[in-house]
Amino acid sequence: MKRVGKPVFFIVSILIVLLTVVSFTGISTTYGDKTTTYIKGGNDIRWGIDIRGGVDVTFTPPEGVDATKEQMDAARAVIEQRLVNLHITDNEIYVDYNKDRVIVRFPWKEGESNFDPEAAIKELGETALLTFREGYEVDDEGLPTGVTAENVILQGSDISSASAGYIQNQTTGEPQYIVNLELNDSGKQKFSEATTRLSESNGVISIWMDDTMISAPTVNEPITDGRAQISGDFDAESAQDLADKINSGALPFKLETQDFNTIDPTLGMGARDVMIWAGIIAFICVAIFVTVIYRLPGAVAVIALLGQVAGSVAAVSGFLPFISSFTLTLPGIAGIILSIGMGVDANIISAARIKEEIYAGKSIDGAISLGYERAFTAILDGNLTLIIVAIVLMGAFGPSDSLFAQLLSPLFFMFGQSSAGSIYSFGYTLLVGAIMNFIFGVTASRLMLKSISRFKVFRKPWLYGGER
């Protein structure tokens, strides 16, 4: 049996304590009014709408309209643009192509008290007003003025379709991303006249969604056949984004509100505080229970559980500056508490096995080794089950372009995704908790117990569940 050195207990314990302190407090410096964050802490966690408060709304086409994938993408594009116009950048937008739904969630702003959610929802669902205008003259607020305000060349109804593509750059030979534009009969003549006139001076035709300019391409030559190409500093994503925005102005339907609900920030933060306190009280009760019943292995388990809690907090806060903070919801907090329960279960199984080996007459070293070895299969089975459940939840209730959603897409083909961000958070914290359980509940606790058992004062069988 490979022995673990005495200092290992102190090294692992100190590392767990440091991780716990840093994961909750973070590390940052402040110079004047500028704060530089080196390690993110609990204060950097992004709270979900059910905690911070906000709006959850589902849009659908009118009854009887079977929207295409392109039309649903266009609907998403116009909603994204309008959220930006409302200065709401911390939002979640999901598209369920199978059920023709656009699910939108956005939180309240800090200190916001006079926001009208019903007015915002109505504005989001209205059909976008797409216009092609001469020039790009704007006032101080970015609104069209002068020639640009007066000369509307095309409207959304004049556009047949827009699509992203690429051509080969004749100078460099590399692919160059473009947006292909096709006009209806109503727009061909108007566009032909405008491009013929503006091409003489390399004029500009700006593209506007509502009162926001989304592009301003230069006219290089007359376009008389109703087919145009918009080129510029595009990559694949930005070209597709512009195509979606143009298509949104040609939507043949107005989005309807299927359902919506609002959550008051005070209610959400109150529920969060109650759940956190419930977790703290439960942790203290569990710590006392496992220490009294399982003695030394129980005390070591408490330290390992502390590391598991710290690891879960670090996983949702971002911890490092280059890792984005994960949105934590009330079900997400429940997932952390549930995964801690699984960690307790893992340590109890190991402690019970060690106790059985002590009663069977094994030495302390032999009992510890056999106890962890024989408990591992049950721990592995339980946590693998938890991981499978977490992956299914993240695939079913997460963004459609996420890894797990794509892996499980055949499973959800018949009934579509639910895209419930709060449940996605629950699956994420369950998955993180299962991983942390292997790191702390199995590996760290075994190392600490094997190490501390080498001290003479801890070589008494009753400390491991035997009789005095």
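The following paragraphs examine the structure supplied in this document. Please read these numbers as outputs of a predicted model, since none were measured by experiment.

## Overview of the nonpolar core
Among the nonpolar cores identified, the biggest contains 55 residues, and Leu328, Ile354, Ile368, Met448, Leu449 and Tyr464 are the most heavily contacted of them. Breaking this core down by element, the ones donating at least two residues are helix H1 (7–25), helix H8 (265–317), helix H9 (330–359), helix H10 (364–397) and helix H13 (421–452). Looking at this core, the element that brings in the most residues is H13, giving 14 residues. Apart from residues lying up to four places away in sequence, isoleucine 368 is in contact with Ile354, Leu449, Lys450, Ser453 and Tyr464. Counting 42 residues, the second-largest nonpolar core is a separate cluster that includes Val55, Phe132, Ala243 and Leu255.

## What about a nonpolar patch on the surface?
Side chains of Ile276, Trp277, Ile280, Ile281, Ile284, Ile288, Phe289, Val292 and Ile293 sit close together on the surface and give an oily, nonpolar patch of about 870 Å² of accessible area. Mapped onto the secondary structure, tryptophan 277 falls in helix H8. Residue classification places tryptophan 277 among the exposed residues on the basis of a relative accessible area of 55%.

## Things to note about the pattern of salt bridges
Scanning the entire structure with this criterion turns up twelve salt bridges. A salt bridge links aspartate 73 to arginine 76; its shortest N-O distance comes to 3.4 Å. With aspartate 73 and arginine 76 both in helix H3 (residues 69–85), this residue pair falls three residues apart, about one helical turn. The buried category is assigned to aspartate 73, whose relative accessible area is 8%. A salt bridge links aspartate 158 to lysine 190, with the nearest nitrogen and oxygen atoms 3.0 Å apart. Within this pair, whereas aspartate 158 is found in the loop between strand S8 (152–155) and strand S9 (159–168), its partner lysine 190 is found in helix H6 (residues 185–199), the two being separated by 32 residues in sequence. Here the salt bridges share partners, and the residues they tie into one network are Lys69, Asp73 and Arg76.

Rules used in this analysis
Residues numbered from 1 in each chain as written. Predicted model: local features only at pLDDT ≥ 70, side-chain atom pairs only at ≥ 80, totals over all residues. Heavy atoms only, no water. Core = buried A, V, L, I, M, F, W, Y, C linked by side-chain atoms within 4.5 Å. Buried < 20%, exposed > 50% of the residue type's maximum accessible area, 1.4 Å probe, protein only. Helix = DSSP H or I, 4+ residues; strand = E, 2+ residues; numbered from the N terminus. Contact = heavy atoms within 4.5 Å. Patch = residues over 30% accessible without salt bridge, like charges linked within 9 Å, V, L, I, M, F, W, Y side chains within 5 Å. Areas by Shrake-Rupley, 256 points an atom, 1.4 Å probe, with all protein chains shown as cover. Salt bridge = Lys/Arg side-chain N within 4 Å of Asp/Glu carboxyl O.

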